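# Report on the structure
Below, each chain spelled out in residue letters.
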Amino acid sequence: MTDHILPATDKFTDNSSKQTNHDNQATLNNGLNTDLNTAPKVAIIGGGLTGLFTATLLERAFLKQQTKPSVNSSALQITIFEKSRSVGRLATRYLTDSNTNKNWQWAFGAQFFTAKTSSFKQFIAPWLDSELLQPWCAQVVNLTPTNANSQNAHSPNVERKEQWDTNHARYISTPKMTSWGRALADDLQHTTIKFKTRVAPINKAQTNSAQDNKAIKTELFDETGSSLGWFDWVICTAPNGQAVELMADSGFTKQAKIIEPQMLACYTLMLGWDNLEQLPKTLSNDIQSALDVAYVNASILDRIFIEHQKPAHDDLLPSVTIHARNDWSEEHVDDDIETVKAQLLAAAQQALNWHEGYAPSQIDCHRWRYAATVIDVKNRGSSEALGILIDTQHQWIVSGDWCGQGNIESCYQVAKETVKVLCAS
């Protein structure tokens, strides 16, 4: 989930490991005892919010526990391996109009997040104080498109649903949804983030006998077979469809549980107009002020978000992000992206009722293979969240928002769980 390449800093590096003669597998060896005061080396696979939260909370826990540093103590070392070129699930895409030098901008991943627990509210408070995070008091409507086969096509039926408020706040990151992820990464002091680094699947563990209570270490490799280093703990925060492949031949003791939550796809359509006057009438005039978010009925579309009406987004050119329904997206997840884009564009035209002269000048589409978490209550026998998956024998943890409720607060909760395990080890 990326927008543009981040500026190079000492924490943001591409993988430049030299080729080795090792097979493309994870191997195990004896290492130092891994309590936090002896500074374990930790690998985090995935630079989304779960990975960033885990690194943040682990650094804080290490500093808190290091009450009596000694000359022999070493600094905590965390390495995040991210296969894309940027961090964070809060994804942003933008284009610049060469004539006006203004941007179209789309939050094409998560549009907002909520904070319900006191601990998460406390965690995000500094970014609320700095106004990097802001509440979005959106006007929300139900929108039912006109029947496409009707000879008397007219504007869709728009009914007021609710207005979001600060008592039950939905938060966004400004000026871009990626801004928070970058701020989290910038604040890390003992973490290296290696971008464009795809960790190879971990094969069956090969270990020397652990003696004298020495902890086992794991060596990771990239997809070319180059060693990424040895680590006391390996934490996989990838979506479960990717995690199950990474751990398939590793001997991970909780392998079967990875596939319990089902993750559904989502297609995102991004539309831009050159000026407000060219917006469809559904989004203009007196209706515009009453429509920030639309829940779409009787359509393959799910929700419509008006980007240029969000807080601190006033300078944007008219930009609209549309999410397709998860069930429809999952059914068409392997379809040609151009075909999907055409179908979504037709549905958007029907929903927003634009005619010649009001069509968007900017059209793009993105496919998320792993977007929404569904808990299979029938097979699990419970609606409770899965929780993180811990293999104490190898010191591996598999986590992610899909281990919780599938939202951003779940990223924080599973990060807390993970750090608690490491602190207790």
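A brief look at the structure comes next.

Conventions adopted
Residues numbered from 1 in each chain as written. Predicted model: local features only at pLDDT ≥ 70, side-chain atom pairs only at ≥ 80, totals over all residues. Heavy atoms only, no water. Helix = DSSP H or I, 4+ residues; strand = E, 2+ residues; numbered from the N terminus. Buried < 20%, exposed > 50% of the residue type's maximum accessible area, 1.4 Å probe, protein only. Areas by Shrake-Rupley, 256 points an atom, 1.4 Å probe, with all protein chains shown as cover. Phe/Tyr/Trp six-rings, centres within 6.5 Å; stacked < 30°, edge-to-face > 60°. Pairing = 2+ DSSP bridges. Axes fitted to C-alpha atoms, helices over the stretch in contact; angles between N-to-C directions. Core = buried A, V, L, I, M, F, W, Y, C linked by side-chain atoms within 4.5 Å. Contact = heavy atoms within 4.5 Å. Lys, Arg positive; Asp, Glu negative; His and termini not counted. Salt bridge = Lys/Arg side-chain N within 4 Å of Asp/Glu carboxyl O. Polar contact = N/O pair within 3.5 Å; in protein donor to acceptor, adjacent residues only side chain to side chain. Parallel < 35°, antiparallel > 145°, perpendicular 65-115°, else oblique. Nonpolar A, V, L, I, M, F, W, Y, C, P; charged D, E, K, R; others polar.

A tally of helices and strands in the protein yields ten helices and 21 strands. Per-residue burial for the protein yields a buried fraction of 52% across its 425 residues. Accessible surface for the protein amounts to roughly 19,700 Å². Of this, 45% is attributable to carbon and sulfur atoms.

A few words on the packing of aromatic side chains. For the structure on display, the rule yields 20 aromatic pairs. With a centroid separation of 5.4 Å and 15 degrees between ring planes, the pair formed by Phe 108 and Trp 368 is classed as stacked. Linking Phe 108 in the loop between β6 (103-106) and α2 (118-129) with Trp 368 in strand β19 (residues 362-375), this pair joins segments that are 260 residues apart in sequence. Phe 108 gets classed as buried once you look at its relative accessible area, which sits at 1%. Accessibility expressed as a relative area gives 10% for Trp 368, which makes it buried. When the centroid spacing of 4.9 Å and the interplanar angle of 55 degrees are considered together, the rings of Phe 112 and Trp 164 count as tilted. Highlighted residues: Phe 112 in the loop between β6 and α2 and Trp 164 in the loop between β9 (157-163) and β10 (171-173), separated in sequence by 52 residues. By relative accessible area, Trp 164 is classed as buried at 2%.

Pairing is mixed in the open sheet, where seven strands are placed in the order β9-β8-β16-β17-β18-β15-β19. Where the open sheet ends on each side, the last strands, each with one partner, are β9 and β19. Taking each pair of neighbouring strands and ignoring which way they run, the sheet shows an average axis angle of 25 degrees. Of the strand pairs in this sheet, strand β17 (residues 301-306) and strand β18 (residues 319-324) are connected by five bridges, and their pairing is antiparallel. Bridge assignment links Ile 306 to a residue of β18, and that residue is Val 320.

The next point concerns the nonpolar core. Ranked by size, the top nonpolar core spans 78 residues in total, and within it Phe 53, Phe 120, Phe 123 and Trp 180 carry the most contacts. Once residues lying within four places of it in the same chain are set aside, the contact partners of Phe 123 are Phe 53, Thr 56, Leu 57, Arg 60, Trp 180, Leu 184 and Tyr 412. In this structure, Val 141, Leu 269, Ile 300 and Leu 344 belong to the second largest nonpolar core, which totals 27 residues.

This part is about the environment of Val 414. If you trace the backbone, Val 414 turns up in helix α10 (residues 408-424). Along the sequence, Val 414 and Trp 402 sit twelve residues apart, while their C-alpha atoms lie 9.4 Å from each other. Ignoring anything within four residues of it in the chain, the contact list for Val 414 reads Thr 50, Ile 388, Ser 399, Gly 400, Cys 403 and Gly 404.

Summarising the element assignment, His 154 is placed in the loop between β8 (139-144) and β9. Put simply, His 154 and Leu 352 are 198 residues apart on the chain and 9.9 Å apart in space, counted from C-alpha to C-alpha. Those residues in contact with His 154 that sit more than four places away from it in its chain are Thr 146 and Asn 353.

Within the secondary structure, Arg 170 sits in the loop between β9 and β10. Of the side chains with opposite charge, Glu 162 comes closest to the buried, unpaired Arg 170, at an N-O distance of 4.2 Å. Here the side chain of Arg 170 touches His 168 through a polar contact of 3.0 Å, landing on its backbone oxygen. What Arg 170 contacts, discounting residues up to four positions off in sequence, is Phe 112, Phe 113, Thr 114, Gln 134, Pro 135, Trp 136, Glu 162 and Trp 164.

Another aspect to go through is the pairing of strand β12 (residues 216-221). With respect to burial, β12 is a largely interior element, six of its six residues being buried. Burial along β12 is two-sided: the face carrying Ile 216, Thr 218 and Leu 220 and the face carrying Lys 217, Glu 219 and Phe 221 are both buried. Strand direction decides the pairing type here: β12 and strand β13 (residues 227-231), joined by four bridges, are antiparallel. Paired with Glu 219 across the bridge in β13 is Trp 230.

A few words now on the pattern of salt bridges. In the structure shown here, the tally under the stated rule is eight salt bridges. Residue Asp 334 pairs with Arg 369 through a salt bridge whose shortest N-O separation is 2.9 Å. Of this pair, Asp 334 sits in the loop between α7 (326-331) and α8 (337-352) while Arg 369 sits in strand β19, and the two are 35 residues apart along the sequence. Judged by its relative accessible area of 59%, Asp 334 is exposed. By relative accessible area, which is 39% here, Arg 369 ends up partly exposed. With its nearest N and O atoms 3.4 Å apart, the salt bridge here joins Glu 338 to Lys 341. With Glu 338 and Lys 341 both in helix α8 and three residues apart, this pair spans about one turn of that helix.

Right, let's talk about the environment of Ile 388 for a bit. Within the secondary structure layout, Ile 388 lies in the loop between α9 (377-380) and β20 (389-391). Along the primary structure Ile 388 and Val 414 are separated by 26 residues, whereas in three dimensions their C-alpha atoms are 6.3 Å apart. Those residues in contact with Ile 388 that sit more than four places away from it in its chain are Ile 397, Val 398, Ser 399, Cys 403, Val 414, Glu 417, Thr 418 and Val 421.

What follows is about the packing of helix α1 (residues 49-65) against α2. As a packed pair, α1 and α2 sit with axes 14 Å apart at the nearest point and diverge in direction by 95 degrees. By the criterion of interaxial angle, the relationship of α1 to α2 is roughly perpendicular. From α1, Phe 53, Thr 56, Leu 57 and Arg 60 reach across to α2, where they touch Phe 120, Phe 123 and Trp 127. Its residues assigned to classes, the contact of α1 with α2 comprises five nonpolar, one polar and one charged.

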